[in-house]
Amino acid sequence: MPHRPRTGAPPHQTSPGGPFTALARLSCNRPRLLLLLTLVLLAGAVVLGSGVADRLRSGGSGGVVDPASESSYAAKVLEREFPDARPNVVLLAEANGAGKGVDDPGIAQQGRELTDRLAAVPGVTGVASYWSTRSPALRSQDGREAMVVARIDGDELAAERTLEDRIIPRFDGRQDDLTVRIGGSVAVQHEQQKLIAEDLIRAELIALPITLLILMVVFGSAVAALLPIGIGVIAILGTNAVLRVITEFTDVSVFATNLTTALGLGLAIDYALLIVRRYREELDTGKDLRDALTTTLNTAGRTVLFSAATVAVSLAAMMVFPLYFLRSLAYAGISVVVLAAVAALVVLPALLVVLGPRIDAWDVRKLLKRRSGGQRKSAPGAAWARLAQGVMRRAPLVATGTFAVLLLLGAPFLNVDFGTADYRQLPSSAQSRQVQENIKDGFQGSPTGAIEVVTERAAGAELGSYAEELSTLPGVLRVDAPQGRYADGELSGIAQPSRTAGDTSYLTVVPGVEAVSEEGKELVRDVRAVGTPFPAHVSGTTAALIDSQSAIGRGLPWAIGIIVLATLVLVFLLTGSVLVPVQAVLLNALSLTAMLGAVVWVFQDGNFSDLLGFTPTGSIETALPVLMFCLAFGLSMDYGVFLLSRINEERLRTGDHRAAVVEGIRGTGGVITAAAVVLAVVMVAIGSSRITNTKMLGLGVALAILMDAMVIRTLLVPAVLSLTGKATWWAPGPLRRLHARFGISEGGSVHHDAGSRADGGREPTADTAARATADRETADPDAVDPPVRTAVAQADEEHRTAAKI
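These numbers were taken from a predicted model, which means no experiment stands behind them.

**Observations concerning unusual backbone geometry**
- Positive phi, normally seen in glycine, also occurs at Arg-134, with a value near 60°.
- As for its position among the elements, Arg-134 is in the loop between helix H5 (130-133) and strand E3 (145-152).
- A residue is classified by how much of its surface remains accessible, and Arg-134, at 45% relative accessible area, is partly exposed.
- Residue Phe-608 is not a glycine yet carries a positive backbone phi of 65°.

Below, the structure written as structure tokens:
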């Protein structure tokens, strides 16, 4: 495909040395060796990462709770000392036949046999049923259903394997005169993991064809469009291998696979778009392949490195939280970012060298050109340049209006209510969800809302007094204790099974309020505030939620501080300005308001729940907004680095602040928009999941990406840069000297005089000023006065005359 030269663009000087020049030299001299090594490593990654899905955890309650918290300690004691106190699997048995109930003699006999068969399964302990205990809590109110409860030993992975291999095949379905359905926390987690795996395959099948089509339109060549897909595949397969290794040392959430796919494809496409686009531009100037590739890596390649650093730092901030759900997603995110950048900087240049002119093979634009009748099109990026000029002419109005709209969209987040995920994450067709709903609606009380209190070294009388005091707390329905059942401070005389093991005992506080609510949280705090002469530790769903929120609250300032500080430093090194990094942080944060507001308005409040196919719970999973913030902030900064580096390059070349903003948006508007649309397609495909949290993650981040690329970068950034003017690039003397020593521009050279003037740039020469004017005239001829056009024409004539001489 023929390349058109950039109007008025001077030839770039190739950096005489440096790592990017060395990398370009290696790609030119040994491209096939690099590709062969890549294939060998990729084959190893496929083998190593093939079993990673079986080792990922489904994100149960342990994934979002601080392992060092009080609730975690109490839960571990209960699981060790009282395994039957925390059943994690339920067989919901329904009597078949009209008029029959679970008390029918024949049905009862089959129920006892069912109980004995479950107790005989290896790895299953603490089996109890209505037929073995006659507990009314295990019998439905209509007498048609009864429960068999048990605990599967082992960690989350072992429990799910036992469920899948030993329980589901033997017990699910028709059992003589009983129909058995399987529920409980292990069943919910198992079904969730199964659906996530299926949804991920479907998301890939949806995203890949659409992505390839968009890339073919952007690149104009089917071969060029396949390059970003290949880079994405390398990043995804490599990350799966890394995660497989990480699972040997720590827990990794199954949600890491969704993040790996989304980031692997999205970032690979971002980086490949930037590099291939710049490579073609350099070829347009008449450079040979080696010089074009060297300049590309010293410009776009350097931008890719800065971008990858900002995204990786944003995701790395999640490691300050003790919750393995967030930490494991940080592991996956950092791995895929690093691998995408390495593949884009090492593998992609080698592919460009090997392909040579064949990169333009299968030109899909020829068909479009024939259909358009060969009509002359405007210069590339002219529409973006006109948009930028229009925004800058009305900067106060655009900035104020955009700012107000974004704040309005983010307003619902002020009413956010954090909660914990439960079985309603699953679709209504999921069997484990149906079982939990039947238990909730048809049985007496719900065991999931109980507050569990573990005591140590408590004497019988002390424990009885403590239980009696707990029963008097506002919101407590009753307290089940070793001595009996307490209600309103009086022992009811209903004997309870022994709940003492050695020096350890436990009480069950049954709340009379909604467990996951402000009243439920306040009740847990009241229970914890009761003084005891012996150690007492509180656990349960609500207690775990409180501890999770506390852990996130402690880590959040550190995470935000890491992200902000790293972003300020990286953008300063890129631009040498003090104001630009601050603007980047504030505008990036502002771009997330729409996402956070939409998450609350849709997923908490339930708007469009029927259309999107989920059940609103009235709250948001506590850890999810943290993940979405870190992910969306990093991706937004990704596009910010693309734009700022190009603007800074043009400013250093021309010395004209306004022209540099216009040229930067002209040169990157199409790339950023295409990259954002592709990444949004991937995230929407992830958001088609049947799991509510995955749906929230995909659709929320997709919205943030589109808002950033199409509102922040096209409206707010040029408006703010217009208002700040040349002062945008100012830096105090010490920082100017620091940047002169360590700062690196996209062009690959250190600018010792950057910031010496008010605009932080060098005094423009007549030649660069003429070229800047020519660029403005190309974008908008009316923006240049006739006398100036005449001067530019005379300068061009002098250049032509000198060239002839």
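Still more to cover.
**Focus on the pattern of salt bridges**
- Considering all chains together, one arrives at 24 salt bridges under this definition.
- The closest approach of N and O atoms between Arg-139 and Asp-103, which form a salt bridge, is 3.1 Å. Of this pair, Arg-139 sits in the loop between H5 and E3 while Asp-103 sits in the loop between strand E1 (89-95) and helix H4 (105-119); the two residues are 36 residues apart in sequence, bridging distant segments of the chain.
- Here Arg-139 falls in the partly exposed class, since its relative accessible area comes to 25%.
- Assessed through its relative accessible area of 38%, Asp-103 is described here as partly exposed.
- Of the charged contacts in the structure, one is a salt bridge between Arg-646 and Glu-281, with a shortest N-O distance of 3.2 Å.

**A short note on the packing of H4 against helix H6 (residues 156-171)**
- H6 packs onto H4 with a crossing angle of 160° between their chain directions and a minimal axis gap of 11 Å. With respect to their mutual orientation, H4 and H6 come out roughly antiparallel. In the crossing of H4 with H6, the sense of the turn from one axis to the other is right-handed. The segment H4 lies against H6, with Leu-114, Arg-117 and Leu-118 engaging Ile-167, Arg-170 and Phe-171.
- Its residues placed into classes, the contact of H4 with H6 shows four nonpolar, no polar and two charged.

**Observations concerning the packing of aromatic side chains**
- This model, assessed by the stated rule, comprises six aromatic pairs.
- Ring geometry for Tyr-466 and Phe-534: centres 5.6 Å apart, planes at 85°, overall edge-to-face. In this pair, Tyr-466 is assigned in helix H16 (residues 460-471) and Phe-534 in the loop between helix H17 (518-529) and strand E13 (536-539), connecting sequence segments 68 residues apart. As far as the burial class goes, Tyr-466 and Phe-534 line up, both buried.
- Between the aromatic rings of Trp-601 and Phe-608, the centroid separation amounts to 5.5 Å while the plane-to-plane angle is 70°, which identifies the pairing as edge-to-face.
- Trp-601 sits in the partly exposed class, given a relative accessible area of 38%.
- Judged by its relative accessible area of 47%, Phe-608 is partly exposed.
- When the ring centre of Trp-729 is taken as reference, the NZ or CZ atom of Arg-651 above it lies at 4.3 Å.

**Quick notes on the sheet that holds E1**
- Within the open sheet, the five strands sit side by side as E2-E3-E1-E5-E4. Their pairing is antiparallel. Among the strands making up the open sheet, the edge pair consists of strand E2 (124-129) and strand E4 (173-175). Neighbour-to-neighbour, the strand axes of this sheet turn through a mean angle of 25°, independent of strand direction.
- As defined by bridge partners, E1 adjoins E3 across six bridges and the pair is classed as antiparallel. Its bridge partner being in E3, Val-90 is matched across the sheet by Val-149.

**Quick look at the environment of Leu-212**
- Topologically, Leu-212 is positioned in helix H7 (residues 185-219).
- Separated by 13 residues in the primary sequence, Leu-212 and Ala-225 have C-alpha atoms spaced 6.3 Å apart.
- In this view, Leu-212 contacts Ala-225, Leu-226 and Ile-229; residues no more than four positions away in its chain are not counted.

**Focus: the pairing of strand E7 (residues 451-456)**
- The buried fraction of E7 amounts to six of the six residues, a majority that puts the element mostly inside the structure.
- The alternating pattern of E7 places Ile-451, Val-453 and Thr-455 and Glu-452, Val-454 and Glu-456 on opposite faces, both of which are buried.
- Examined bridge by bridge, E7 and strand E12 (residues 504-511) share six bridges and lie antiparallel to one another. Among the inter-strand pairings, Val-454 is bridged to a residue of E12, identified as Tyr-506.
- Bridging between E7 and E13 involves four bridges; their strand directions are antiparallel. Bridge pairing in E13 links Glu-452 to Ser-539.

About the thresholds
Numbering of residues starts from 1 in every chain and runs along the sequence as written. Local features in this predicted model are restricted to residues of pLDDT 70 or higher, and side-chain atom pairs are both shown and tallied only at a pLDDT of 80 or more, whereas totals for entire chains, interfaces and linings draw on every residue. By convention in this description, side-chain values take in all heavy atoms of the structure and omit both hydrogens and water. Helix numbering and strand numbering both begin at the N terminus, where a helix is a DSSP run of H or I of at least 4 residues and a strand a DSSP run of E of at least 2. With a 1.4 Å probe rolled over the protein chains alone, any residue whose accessible area is under 20% of its type maximum counts as buried; one over 50% counts as exposed, and the rest are partly exposed. Each salt bridge in this description consists of a side-chain nitrogen of Lys or Arg and a carboxyl oxygen of Asp or Glu lying within 4 Å of one another. Here an axis means a line fitted to C-alpha atoms, over the contact stretch when the element is a helix, while the angle between two N-to-C directions is reported on a 0 to 180 degree scale. Relative orientations are named as follows: roughly parallel for angles under 35 degrees, roughly antiparallel for angles over 145 degrees, roughly perpendicular for angles from 65 to 115 degrees, and oblique for any other angle. For a crossing to be left-handed, the near helix must be turned anticlockwise from the far one by less than a right angle; the clockwise case is right-handed. Every residue pair with non-hydrogen atoms within 4.5 Å of one another is taken to be in contact. Nonpolar residues are Ala, Val, Leu, Ile, Met, Phe, Trp, Tyr, Cys and Pro. Charged residues are Asp, Glu, Lys and Arg, and all others, Gly as well, are polar. Ring pairs are drawn from Phe, Tyr and Trp, using the six-membered ring of Trp, whenever the two centres fall within 6.5 Å, and their geometry is named by plane angle: stacked under 30 degrees, edge-to-face over 60, tilted for the rest. By definition here, charges over rings are those cases where NZ of Lys or CZ of Arg is within 6 Å of the ring centre and within 35 degrees of the ring normal. Here, strands pair whenever DSSP counts at least two bridges between them.

Keep in mind these values describe shape, not function.
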